[in-house]
Amino acid sequence: MTTQLIEGEDMFRAAFEQVQRDGTKAHALRSQAFTRFSEVGLPTPRLESWRFTNVRPIGQRRFVMPAGREVDPSAIASFELRGLEGPRAIAIDGRYVPELSSIKAIPPGVAIQSLTETLASGQELLTWPLGQLATFDDPAAAFTALNTSLFQDGIVVSIPDNTVVEAPLHLLFAATGSSGVMSHPRVLVVVGENSQLRLVESYAGVTDGAYLTNAVTEIVVGDNAVVDHYKLVRESVEAYHIASMHVRIGRSANFSSHAITLGGAIVRNDVVGELDGEGAECTLNGLYLVNDTRLVDNHTTIYHTKPHCNSHALYKGILDDRARAVFNGKIVVAPDAQKTDAKQTNKALLLSEDAQINTKPELEIFADDVKCTHGATIGQLDADALFYLRSRGLDVEQARSVLIHAFASDLLNRIAIEPIRAEFDAVLLRQLPGSGHTTFTVA
């Protein structure tokens, strides 16, 4: 057996029955998903893709669906990214809240709305990708099946053809419940042909506690479209954050994603990209900071199915104390995907003798005219570089800070949205040696 039946499976079944009663559509899809989840249970380390990530602490806890509560807008404001102008859609414990959102100054035809309202209205143009990209047949996708069966709401974004959304769109998912609350946010984005969108998808913990956020995002990028995506994880350091993003990229389209992970006791980010049109490009960048006994697991899979496509992946991690990290990057090149150019790199900086990372780059190539490379480097601060900086008058802590910041700056400098780059550069500086802070969180 490669999976375990959930300890206390009744809590998930009760949640499923509750969601089925609340009038939300997609009953057939939900039933299919929960049946699959009941068959496979939570993934265990016996599954290769979950080998180094044990989610048993999630199965051992008693989680309940959010009951709904009033939220102080000031508690949300601290996570809205200072200086980020543009439309903002806010969800509380997985439910879209229009009263807290600010959907204005968007081009004609652009739709930003609740997923449940979209389903209830029968807008097939918006809802057709739901469950089509984020499938759950694989036992490793048990959390996707759980999300599909239990999502109470989500956010739908539809960009018509030939439309440019100038200002970044911020989707903020705030967890406000205390320990024992679980939410299953859903994001569905459809970008039409020749359109452009900058999308910020962030998850934040307004209160401390061991809650569960289990998110699924599906993005369709039309032919010749450009999507610049940012994912920010700022959960409570006691929380569990499990998420998967599935992207289908059309002909001559360009999709880039920049993921920054700061919070969470156990964080799992799965990214699956499908280059489904000739000339498509996909870039995945990730930066994670983890300390104490926390775990961050990044899994990326890029499918090259058409010729003349490019993909680049670069993930960097900074680990301290007894923290652990996992990186698994996989590139699959189909027989017809000639002239593929694919690169992936993982670099980890270990600040402690007890920190640990398991990294595994993979290539599956079924075409003969391709250029594919992968690499991984793991190490500590360079002793010669430290000596050089100290010889220039810096003390040990200052020298360490300079080297750590330089390590992360490569990825931070790739962030094109200034408020995001400034916010997380400040966060990094606060966490450097000698700053007096001991946790990688946003103040």
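Values in this document were obtained by computation on a predicted structure and should not be read as measured data. (Residues numbered from 1 in each chain as written. Predicted model: local features only at pLDDT ≥ 70, side-chain atom pairs only at ≥ 80, totals over all residues. Heavy atoms only, no water.)

Engineer: What should I look at first to understand the pattern of salt bridges in this one?
Structural biologist: Two side chains of opposite charge can pair, provided their charged atoms sit close to one another. Taken as a whole and judged by the stated rule, the model has 18 salt bridges. Residues R248 and E274 are paired through a salt bridge, measuring 3.5 Å at the closest nitrogen-oxygen approach. Within this pair, whereas R248 is found in strand β13 (residues 240–249), its partner E274 is found in strand β15 (residues 266–275), the two being separated by 26 residues in sequence. Judged by its relative accessible area of 23%, E274 falls in the partly exposed class. One salt bridge in this structure joins R414 and D410, with 3.7 Å as the shortest N-O distance. Counted as one network, the salt bridges with shared partners bring together E48, R51 and K360. (Salt bridge = Lys/Arg side-chain N within 4 Å of Asp/Glu carboxyl O. Helix = DSSP H or I, 4+ residues; strand = E, 2+ residues; numbered from the N terminus. Buried < 20%, exposed > 50% of the residue type's maximum accessible area, 1.4 Å probe, protein only.)

Engineer: Is there a simple way to explain the side chain of S236 in this structure?
Structural biologist: Following the sequence through the fold, S236 ends up in the loop between β12 (226–234) and β13. A distance of 3.3 Å separates a polar atom in the side chain of S236 from the backbone oxygen of G209. Ignoring anything within four residues of it in the chain, the contact list for S236 reads G205, T207, D208, G209, Y211, G263, G264 and A265. (Polar contact = N/O pair within 3.5 Å; in protein donor to acceptor, adjacent residues only side chain to side chain. Contact = heavy atoms within 4.5 Å.)

Engineer: Teacher, can you tell me more about the confidence of the model for the protein chain here?
Structural biologist: Any segment with low pLDDT has predicted coordinates that should not be analysed in fine detail. Considering every residue of the protein chain, the mean pLDDT works out to 90; 94% of them sit at 70 or more. Of the regions scoring below 50 in pLDDT, residues 1–6 engages in 22 contacts with residues more than four places distant in sequence or in other chains. Taken together, the stretch residues 436–443 has pLDDT below 50 and engages in 25 contacts with residues farther than four places along the chain or on a different chain. (pLDDT = per-residue confidence, 0-100.)

Engineer: I would appreciate a short explanation of unusual backbone geometry in the present structure.
Structural biologist: The phi angle of most residues is negative, glycine excepted, and most peptide bonds adopt the trans form. The backbone of N224 sits at a positive phi, close to 65°, despite the residue not being glycine. By the element assignment, N224 lies in the loop between β11 (212–221) and β12. Take N224: its relative accessible area is 33%, and that puts it in the partly exposed class. Within the chain, H308 stands out as a residue other than glycine whose phi angle is a positive 60°. With respect to the helices and strands, H308 occurs in the loop between β17 (295–304) and β18 (310–319). For H308, a relative accessible area of 43% puts it in the partly exposed group.

Engineer: Looking at this model, I keep getting lost on the pairing of strand β3 (residues 88–92). Mind explaining?
Structural biologist: Consecutive side chains along a regular strand alternate between the two faces of the sheet. Where burial is concerned, most of β3 is hidden: 4 out of the 5 residues are buried. Taken together, the 2 bridges between β3 and strand β4 (residues 95–96) define a ladder with antiparallel strand orientation. Its bridge partner being in β4, I92 is matched across the sheet by R95. Where β3 hands over to β4, the hairpin turn is made up of 2 residues, of which D93 adopts a positive phi near 50°. (Pairing = 2+ DSSP bridges.)

Engineer: Looking at this structure, how should I read the nonpolar core?
Structural biologist: In globular proteins that are soluble, nonpolar side chains generally tend to be buried together. By size, the foremost hydrophobic cluster in this structure holds 39 residues, and its most contacted members are I155, L171 and F255. In this structure L171 touches A89, I155, V157, V187, L199, V200, E201 and S202, once residues within four positions along its chain are discounted. Grouped together as the second largest cluster of nonpolar side chains are 33 residues, F12, W50, M65 and L295 included. (Core = buried A, V, L, I, M, F, W, Y, C linked by side-chain atoms within 4.5 Å.)

Engineer: For this particular structure, what's the right way to read the packing of helix α8 (residues 383–391) against helix α9 (residues 396–412)?
Structural biologist: When two helices pack together, their arrangement is given by the angle between the helix axes and the distance between those axes. Relative to each other, α8 and α9 sit at 125°, their axes nearing to 9 Å. One element, α8, and the other, α9, form an angle in the oblique class. Considering the relative orientation of α8 and α9, their crossing is right-handed. Every residue of α9 that contacts α8 at A385, L386, L389 and R390 is listed here: V396, A399, R400, V402 and L403. (Axes fitted to C-alpha atoms, helices over the stretch in contact; angles between N-to-C directions. Parallel < 35°, antiparallel > 145°, perpendicular 65-115°, else oblique. Left-handed = near helix turned anticlockwise from the far one by under 90°.)

Engineer: Which parts of the structure should I look at to understand the packing of aromatic side chains?
Structural biologist: Two aromatic rings, taken as a pair, are described by how far apart their centres are and by the angle between their planes. Applying the stated criterion across every chain, the model contains 7 aromatic pairs. Relative to F37, the ring of F34 lies with its centre 6.3 Å away and its plane at 45°, an arrangement referred to as tilted. Within this pair, F34 and its partner F37 are both found in helix α2 (residues 27–40), separated by 3 residues, close to a single helical turn. By relative accessible area, which is 0% here, F37 ends up buried. Aromatic side chains F63 and Y240 sit 6.4 Å apart centroid to centroid with 90° between the ring planes, which places their arrangement in the edge-to-face category. Of this pair, F63 sits in the loop between α3 (56–60) and α4 (73–77) while Y240 sits in strand β13; the two residues are 177 residues apart in sequence, bridging distant segments of the chain. Taking the ring centre of F151 as reference, the NZ or CZ of R30 above it sits at 3.9 Å. (Phe/Tyr/Trp six-rings, centres within 6.5 Å; stacked < 30°, edge-to-face > 60°. Lys NZ or Arg CZ within 6 Å of the ring centre and 35° of its normal.)

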